[in-house]
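# Inside the fold
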Amino acid sequence: MNRFTLAHVSDLHLPFEPRLTPSQRLSKRQLSALSWHRRRHLHRPEILEALAADVRAAQVDHIVVTGDITNFSLPAEFRQAAEWLRTLAPEGALSLVPGNHDALVPVASADGLDHWAGWTRSGDGWPYVHRLGGELALIGLNSALPTAPLLAQGRLGDAQLARLEQVLAAEAAAGRLRIVVLHHPAAAGAVGWRKALVDRPRLAEVLRRAGAELVLHGHARDARFDALPGPREPIPCLCVPSSSAVPSAWDQGARWHRLSLVDQVERRLEVEVRRWSAEERAFVAGARYTLCLPRAVAPRPEAGAEA
């Protein structure tokens, strides 16, 4: 495989003015609407327009969106988001996972995630596996679930974690480079308990046993690089801030990452940070660095390990 490039964007919070019904106001959506009215000036339409233009100009092979595409989990938002995503990339060139704002309250599939099925479906449910270029596997996890007011936690659950371990082993046996994608951070301490993945320690154990070459997430609202324990070598874990926000007390400022796998044998990954410049009204080049991704090893069964 020659150079393969990914765009990683997250926490888009596409602008949408909520017109809540009386029953919708008697839910967590009302709190989110109040928060949005205080912060809507931070997620700018012109930044989203520039983001789409910059990603298209970069001519990446595939786009990864790590959640919080909506704000209130309203049916009209899911439809609007699907229309916006289609302008960014056709089905087959984009993969996404939902965030906590995409599961603010329970929403019927037909009114919610079904609108994004072309970017999440692989035939076997969560986690999905999207194979790219024959040698890459994007493994998408759904950590989003409705929570009590003032909480933004996530959970994967027993079934998804068990299937993840099976998928990681199968993709390693097939010689594919495995990129795990989710909204909530997989590293300890990335966010406070109120926003954390509650079964994060179990995810960490699965990754330690089965391995992965890269983990991508959002949610933390700051750029992060963490190293997760793997079976033999640390697993790089990258977070991109909100890709639509101006710098503030809540957000580091809009960025997206261009990830280029330039050597399949050496597993060398070049990371280019693209950041929003208010002065230039465009995304401009930021930092660049290179990662050497871990090599897959056959997982060894351990006592008590999940099937």
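This text follows the structure it describes.
Read on for a plain summary of the structure. (Residues numbered from 1 in each chain as written. Predicted model: local features only at pLDDT ≥ 70, side-chain atom pairs only at ≥ 80, totals over all residues. Heavy atoms only, no water.)

## Considering the pairing of strand S10 (residues 255-263)
As judged from the 5 bridges shared by strand S1 (residues 4-9) and S10, these two strands associate in the antiparallel manner. By the bridge assignment for S10, His8 is matched with His257. Alignment of S10 against strand S11 (residues 268-277), held across 8 bridges, turns out to be antiparallel. Within S11, the position partnered with Trp256 by the bridge is Arg274. A loop of 4 residues connects S10 with S11, the two strands running antiparallel in sequence, and Arg267 in this loop sits at a positive phi of about 55°. (Pairing = 2+ DSSP bridges. Helix = DSSP H or I, 4+ residues; strand = E, 2+ residues; numbered from the N terminus.)

## Describing the side chain of Arg267
Examined against the element boundaries, Arg267 turns out to sit in the loop between S10 and S11. Residue classification places Arg267 among the buried positions, given a relative accessible area of 9%. If we ignore the near neighbours within four places in the chain, the residues touching Arg267 are Gly175, Leu177, Glu213, Leu261, Leu291, Cys292, Leu293, Pro294, Arg295 and Ala296. (Buried < 20%, exposed > 50% of the residue type's maximum accessible area, 1.4 Å probe, protein only. Contact = heavy atoms within 4.5 Å.)

## Details of the packing of aromatic side chains
Summed over the entire model, instances satisfying the criterion amount to 3 aromatic pairs. Ring centres of Phe78 and Trp116 lie 4.9 Å apart, and the angle between their planes is 50°; on these two criteria the pair is classed as tilted. In this pair, Phe78 sits in helix H4 (residues 75-88) while Trp116 sits in the loop between strand S3 (94-97) and helix H5 (117-120), placing the two residues 38 residues apart along the sequence. Taking relative accessible area as the criterion, Phe78 reaches 1% and is therefore assigned buried. A relative accessible area of 0% places Trp116 in the buried class. (Phe/Tyr/Trp six-rings, centres within 6.5 Å; stacked < 30°, edge-to-face > 60°.)

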